[in-house]
Structure formats: structure tokens, C-alpha cells
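Reading the structure
Below, each chain spelled out in residue letters.
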Amino acid sequence: MVTFVGMKDDFGADLVDLVELEYDALEAYDAAIARLENEEYKENLMSFRDDHERHIKDLSDLLRKNNIDAPTQTSGAKHWMTKGKVVLGNLVGDRTILRAMRSNEIDTNTAYERICNHENMWAEARFILQEAFKDERRHKEWLNSVIETE
């Protein structure tokens, strides 16, 4: 999936899109965790899922402080692409599921990189977004390291 988060002129609208992407990530993590066999992989993904839940809360609070309604669920059709990678990955095992999750994390990293460099970023958003971006990079790095060693 290619994400377009962070490409609008309106920072608030981009932030709404980012929260929707975070909800998509939750669904993908749920699907992956339910299908993985390796307990260590499940534990790491549960921790990453917790990070995404925290991002949703922090970003939603930020939106509300700026009088913008925060999404309360996944974005719709886009989430089937994100979750679908994981569901199909179940056909060939843990490694394919992790590759699907890495693909999702690449998209999420791209979204955070763009929004962290948004020319219209709100001052109060900078720290929250930079911290979330650190989490996303850590997720991707872990997935890369596991996939490369298998």
C-alpha cells in the first residue's frame, strides 16, 4: 500500500489521515498476532501494537485540542489492503506475515517522515510526532532484523 499521508497543505487534515493509518495498523497487528506461531514474534508485535494505540490517543488528543474531530476507527477500504497482506501471509507462515508487517511499517514510516517535515506543522505537534516516528523506525528495524536472519 502506498500512503499519501503528509502530502496535503492542511496539517490538520494530514493528522486525521495519520490517525486513520494508525487504526489500520492496529487491525494489521491484530491479524498478524492471531496468525503467528512464534511466541517471541507475537510478544514483539503486541508491544508494537501498544505503541500504535498510544499514538492514536496522543494524536487524537492533539486534534481535539485544535477543534478537529479525531477518527474513531479505521479509514475504510484502505485497511483491507493493510490487513489483507497479513491475512494472505498466513498461507505461507510467520516469515511472510512479518514481511507483510514490514511493508505496512514502511508505509507508516513514510507517513511519519512526511508529516514530521510538514511545512504547516503545529508547534505543539512536533514532539509527539517525533516520538511516534522513533517508535515506527524501531518497529521497522526489528522487522528487518528478524526477516534478514531467517
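Quick note: structure is the one above.
Residues numbered from 1 in each chain as written. Predicted model: local features only at pLDDT ≥ 70, side-chain atom pairs only at ≥ 80, totals over all residues. Heavy atoms only, no water.

**Re the packing of aromatic side chains**
Tallied over the full model, the rule gives 5 aromatic pairs. Summarising the aromatic geometry, the rings of F11 and W122 are spaced 5.0 Å apart at their centres and angled 70° between planes, so their arrangement reads as edge-to-face. Here F11 is found in helix α1 (residues 11-35), whereas its partner W122 is found in the loop between α4 (94-116) and α5 (126-149), with 111 residues between them in sequence. Owing to a relative accessible area of 2%, F11 belongs among the buried residues under this scheme. Ring pairs connect the aromatic residues Y29, Y41, F48 and W142, which therefore count as one cluster. Looking at R137, its charged tip hangs above the ring of F133, at a distance of 4.1 Å from the centre. (Phe/Tyr/Trp six-rings, centres within 6.5 Å; stacked < 30°, edge-to-face > 60°. Helix = DSSP H or I, 4+ residues; strand = E, 2+ residues; numbered from the N terminus. Buried < 20%, exposed > 50% of the residue type's maximum accessible area, 1.4 Å probe, protein only. Lys NZ or Arg CZ within 6 Å of the ring centre and 35° of its normal.)

**Brief notes about the pattern of salt bridges**
Taken as a whole and judged by the stated rule, the model has 10 salt bridges. The closest approach of N and O atoms between E53 and R49, which form a salt bridge, is 2.7 Å. Of the two residues, E53 and R49 both sit in helix α2 (residues 39-65), 4 residues apart, roughly one turn of that helix. Taking the relative accessible area as the measure of exposure, E53 reaches 36% and is therefore partly exposed. A salt bridge links D135 to R138; its shortest N-O distance comes to 3.0 Å. Of this pair, D135 and R138 both sit in helix α5, 3 residues apart, which is roughly one turn of the helix. (Salt bridge = Lys/Arg side-chain N within 4 Å of Asp/Glu carboxyl O.)

**Focus: unusual backbone geometry**
The phi dihedral of N67 is positive, around 60°, even though this residue is not glycine. Mapped onto the elements, N67 comes out in the loop between α2 and α3 (77-89).

Take it as geometry only, folks, not as evidence of what the structure does.
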